[in-house]
Amino acid sequence: MAPTPLLLLLLLALTLVSAAVHPLDPLTAAEITSAINLIRASPLNSSAPLAFHYVGLDEPPKPAVLVWPRSAPPRRAFVIARAGRATHELRVDLGNGAGRVLSDTVRHGGSFPTFTPDEQDAASVLPFQYPPFAASVARRGIPLSDVLCTTFSAGWFGRAERWAGRRVIVVQCFVAAGTANFYARPVEGVTAVVDLDAMEIVEYEDRVDPPVPKAEGTDYRAAAQRPPFGPETKPATVVQPEGRGFEVDGHMIRWANWEFHLSFDARAGSVISLASVKDSEEGTFRLVLYRGHVSELFVPYMDPSAEWYFKTFFDAGEFGFGLSTAPLEPFTDCPANAEFIDVDVSGGDGSPVRIPNAICLFERYAGDVAWRHTEFGFPGEMITEVRPEVSLVVRWAAVVGNYDYVIDWEFKTSGSIKIGVALSGILEVKGTYYAHADELSGDAHGSLVARNTLGVYHDHFFTFRLDLDVDGANNSFVKSRMKPVRAAGGPRRSYWTVEKETARTESDGQVELGSTTELMVVNPNKKTRIGNEVGYRIISLGGAATSLLDDDDYPQRRARYTKKQVWVTPYDEAEKWAAGLYADESRGDDNLAAWSQRNREIENRDIVLWYTVGIHHLPCQEDFPVMPLLTGGFELRPTNFFESNPLIRRRPNKPATRLHCSLQ
């Protein structure tokens, strides 16, 4: 099929603006449309109806990005589509006046791409046309009109599974009457398995019949609350008399001594690239992080029963972390001084979808101190110097089913980058016969959080891919272990010292965090004036749990990398997703742990550090009906990167004008 005149005009427009587009900019709505139209004009469109499971930037090679804007690499899209029962990987050239499909490779293997929202919606309504389901609901005395269903990934539990080789999803249902919190009212015991390609129920089970939890006390909406109300605080706002301190130039962000590229991906969510900090002494920007993003979020539940064993979710690879973006609420999700950014993603039919307020940026004035000292040592004199902490926050939030997640990238004038993860939302609960904790017997697999309601034990493992290029591409990974030493002579009997080890291969770069080891990425080719290798330290800020599952358990085989918090691999542009490119029904043969079995060299190489923030969640009553924010994270902190404290010459802030406002 020849390109249409409209498509040719669109391609011409894309070519004219290509010089101004950064190589790492996400696809625009026009580029998404162009890529889909080119695919629809290709022979693939004639074979079977198309569904688009991923549409994103085909990331250019790193050398091509680093020489921009002296030369611009071609703009290309990477697309994963399903036609019939086959998965296709397509690369599409978007520029040079005439776009074209460069390649179309059929994916072979038993794992599958991210679900589309459209097929999840279609699967969710199938039970309502299925007579056994109507009978199950009627037997429980529930009006069918009060029921709402949703989807869960089925996982993989060996090749002998009943639906082996099929692309399936699980559907379970809830009672939505009387509350917005339908997750708190499960129709426990009823499970349907849907073949997504045939879009039909292929397995159905109604196994147990505990009571449906009551709606009372489950609604989280403000309008549903009644006295006595909870604690109240006085309203506040952030006023910047001289305006915002950051600049948004396309996708480039500049603030204080930082500049970086901010992008978005349908699978990863927010993406930070080319993060560089200014060295005030040298007057130049020095690269710290080439590219960083969430690679996977593994959420396994600890209930082996028939209705729960498969709940071992890979939220990025199965559902699309970016596709699950929740628009941020001004003044609550982000403060009054925030700037919001919209993003474009592709729907299952290939049409671009605009998500408003997907990301916000704001300067944080939390009343914290960047550094201080008071000196009393001089007779009759007191010296006090204090500098306030001001940082720039990039915030993004996603809602994957019942859980809300918030990811923060916080840039500090000290040169640190703090990466924060937070979870809130609604517990995944199980209907039970238990109404009081005294009734619990044996292993209930969870905590009783309300009558007939168990909060099932589970984990959250956020794995970040961090392509650190500390002052250049070739870096090394250094482990500094604190070692106690017995003192010989003198009044002291012991002290501790440090033994440093530079990781030579990938096996050396796998670390389970402990309190006596510090981790650094250094550039062995760059040193300070007094001879220290420049580097960045990795510091845990909470959430250092690792997986407790047995190594031969199927979910653990798929997420073997969660046994250690830190992995280091040589840079490979194909290794982006810790659970593999195809996470749905994955087997564990294409993930971070599998790649690392090659034990490649990582010393003085272009390396990637993978960091997992892990949280064991033991639900409690305060987590119900909506849980307060639970947080974790880590910090990338300069270590011998600067010649001295980079803030020592920072001048004190001028006092802001105190505002006196009254409401008439």
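Residues numbered from 1 in each chain as written. Predicted model: local features only at pLDDT ≥ 70, side-chain atom pairs only at ≥ 80, totals over all residues. Heavy atoms only, no water.

Caption draft 1: Summary view of the overall build of the protein chain. Secondary structure assignment for the protein chain yields 8 helices and 32 strands. Compactness check: the protein chain gives a C-alpha radius of gyration of 27 Å against a globular reference of 26 Å for 664 residues, within 12% of the reference. Each principal axis of the C-alpha distribution contributes one length, and for the protein chain these read about 85 × 70 × 70 Å. With 664 residues in all, the protein chain has 53% of them scored as buried. (Helix = DSSP H or I, 4+ residues; strand = E, 2+ residues; numbered from the N terminus. Rg over C-alpha atoms; globule rule 2.2 N^0.38 Å. Buried < 20%, exposed > 50% of the residue type's maximum accessible area, 1.4 Å probe, protein only.)

Caption draft 2: The arrangement of the pattern of salt bridges in detail. Tallying each qualifying case throughout the model produces 49 salt bridges. The salt bridge involving D249 is made with R254; its shortest N-O contact spans 3.3 Å. Looking at D249, the relative accessible area reads 42%, which means it is partly exposed. (Salt bridge = Lys/Arg side-chain N within 4 Å of Asp/Glu carboxyl O.)

Caption draft 3: Fine view of the UniProt feature "modified residue: 2',4',5'-topaquinone" (unreviewed entry) in the protein chain. Taking the numbering used here, the UniProt-annotated feature "modified residue: 2',4',5'-topaquinone" (unreviewed entry) corresponds to Y403. For Y403, the location among the structural elements is in strand 20 (residues 403-412). Leave out the neighbours within four places in its chain, and Y403 touches Y301, A398, L423, S424, I426, L427, H458, H460, H617 and M627. (UniProt positions renumbered as here; feature names shortened; annotations may be inferred. Contact = heavy atoms within 4.5 Å.)

Caption draft 4: Spotlight on the sheet that holds strand 1 (residues 50-57). Overall, antiparallel pairing links the 4 strands, which are arranged 1-2-3-4 in an open sheet. Of all the strands in the sheet, just strand 1 and strand 4 (100-107) have a single pairing partner and so form its edges. Sheet twist, expressed as the mean angle between neighbouring strand axes with direction ignored, is 20°. Here strand 1 pairs with strand 2 (residues 76-83) via 7 bridges, running antiparallel. Counted as the bridge partner of A51 is R82 from strand 2. (Pairing = 2+ DSSP bridges. Axes fitted to C-alpha atoms, helices over the stretch in contact; angles between N-to-C directions.)

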